[in-house]
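# Descriptive analysis of the structure
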Amino acid sequence: MSELTVPVIAVDGPGGAGKGTITQMLARELGWHLLDSGALYRLTALAATRKGVSLDDEAGLVAVAASLDVAFEPGVEGEPVRVLLDGADVTREIRTESCGNNASLVAVMQPVRDALLQRQRDFQKSPGLVADGRDMGTVVFPEAPVKIFLTASAEERARRRFNQLKDAGADVTMQDLLDEIRARDERDMNRAAAPLKPADDAQVIDSTGLSIKEVFDRCMAVAGQA
Ligand code: DC
């Protein structure tokens, strides 16, 4: 069991529910630190691919996860956090669909999760931490005083992703994205190691049909109740 050293707001939920945007807004509003735990799984997958470590080589992946050389540099107002791997900017590279899928594959392995656990807990720094992931409230910070499970229908999440990718000029179909989202949900929710599920004491917020501002306000209200 971990001891909290600073207050933590744990925000969990499936991919595409808006956690990234909301946790960045919360961290900025509160002046707290931010942990994007999904980025660590994405970076593990990317570093493994670059080093020629196969995504089913558990021992190899553990070694990659344990020795990740990463840095998160806060973006200027409105810009995403810059993510560096071995000193090079991989902010865009880790956001691709294939990197997300590979991250989901490496994340099923308990030893890989164990290798990333302390690194995640080390993000606790004064005055507080907003933590974004799948198991923030259940495994990494079970003592967090504020736990939010942010979800949205698979169709809505596919639609949001489709609009993002279309704006970036990518050639994808809604159906492909929906299929990928469902497959990833299935894997994240049904794995033995830290499956995606709301903590017993989490407040569930369904962002389907809500604006970002509405979701943010609800999250701030939950944080204020604690
Ligand atoms: O949130 P994301 O899409 O960046 O996460 C990528 C993958 O990493 C996701 O499919 C599941 C995994 N993940 C996890 O298992 N545990 C976390 N705390 C965060 C992400």
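Bear in mind the structure is a predicted one, so any value in this text is a computation, not a measurement.

## What about the nonpolar core?
By size, the foremost hydrophobic cluster in this structure holds 35 residues, and its most contacted members are Leu35, Leu43, Leu68, Leu85, Ile94 and Phe141. Those elements that place two or more of their residues in this core are β1 (8–12), α2 (37–51), α3 (58–66), β4 (82–85), α4 (97–106), α5 (110–121), β6 (129–133) and α6 (136–140). Residue contributions to this core peak at eight residues, all from α2. Core analysis: the second largest hydrophobic core is formed by 17 residues, Ile9, Leu26, Leu150 and Phe216 among them.

## Re the UniProt feature "binding site: ATP" (unreviewed entry) in the chain
Mapped onto this numbering, the UniProt entry annotates "binding site: ATP" (unreviewed entry) at Gly13, Pro14, Gly15, Gly16, Ala17, Gly18, Lys19, Gly20 and Thr21. For Gly15, the location among the structural elements is in the loop between β1 and α1 (19–30). Accessibility expressed as a relative area gives 23% for Gly15, which makes it partly exposed. Beyond its immediate chain neighbours, meaning those up to four positions away, Gly15 contacts Arg134 and Arg157. Considering the arrangement of structural elements, one finds Thr21 in helix α1.

## As for α3
Within α3 the residues assigned to the buried category are Gly60, Leu61, Val64 and Ala65. Along the axis of α3, the buried positions cluster into a sector of 135 degrees, meaning they face one direction only. Those residues of α3 that are exposed and aimed more than 90 degrees away from the buried face are Ala59 and Ala66. Close packing links the buried residues of α3 with α2, α4 and α5.

## Topic: the sheet that holds strand β5 (residues 88–89)
Pairing is antiparallel across the open sheet formed by three strands, whose spatial order is β3-β4-β5. Every other strand in the sheet has two partners, leaving β3 (70–73) and β5 as the edge strands with one partner each. The pairing of β4 with β5 spans two bridges and is classified as antiparallel. Following the sheet pairing, Leu85 is matched in β5 by Ala88.

## Looking at the sheet that holds β1
The strand order across the open sheet built from five strands is β2-β6-β1-β7-β8, with neighbouring strands paired in parallel fashion. Where the open sheet ends on each side, the last strands, each with one partner, are β2 (33–36) and β8 (203–206). Within this sheet the neighbouring strands show an average axis-to-axis angle of 20 degrees, counted without direction. The pairing of β1 with β6 spans five bridges and is classified as parallel. Considered in β6, the bridge of Ile9 is made with Val130.

## Regarding the side chain of Ser37
Within the element layout of this structure, Ser37 appears in helix α2. Residue Ser37 is classed as buried on the basis of its relative accessible area, which comes to 3%. Beyond its immediate stretch of four places on either side in the chain, Ser37 contacts Gln120, Asp132, Gly133 and Met136.

Scoring rules and cut-offs
Residues numbered from 1 in each chain as written. Predicted model: local features only at pLDDT ≥ 70, side-chain atom pairs only at ≥ 80, totals over all residues. Heavy atoms only, no water. Core = buried A, V, L, I, M, F, W, Y, C linked by side-chain atoms within 4.5 Å. Buried < 20%, exposed > 50% of the residue type's maximum accessible area, 1.4 Å probe, protein only. Helix = DSSP H or I, 4+ residues; strand = E, 2+ residues; numbered from the N terminus. UniProt positions renumbered as here; feature names shortened; annotations may be inferred. Contact = heavy atoms within 4.5 Å. Arc of directions from axis to C-beta. Pairing = 2+ DSSP bridges. Axes fitted to C-alpha atoms, helices over the stretch in contact; angles between N-to-C directions.

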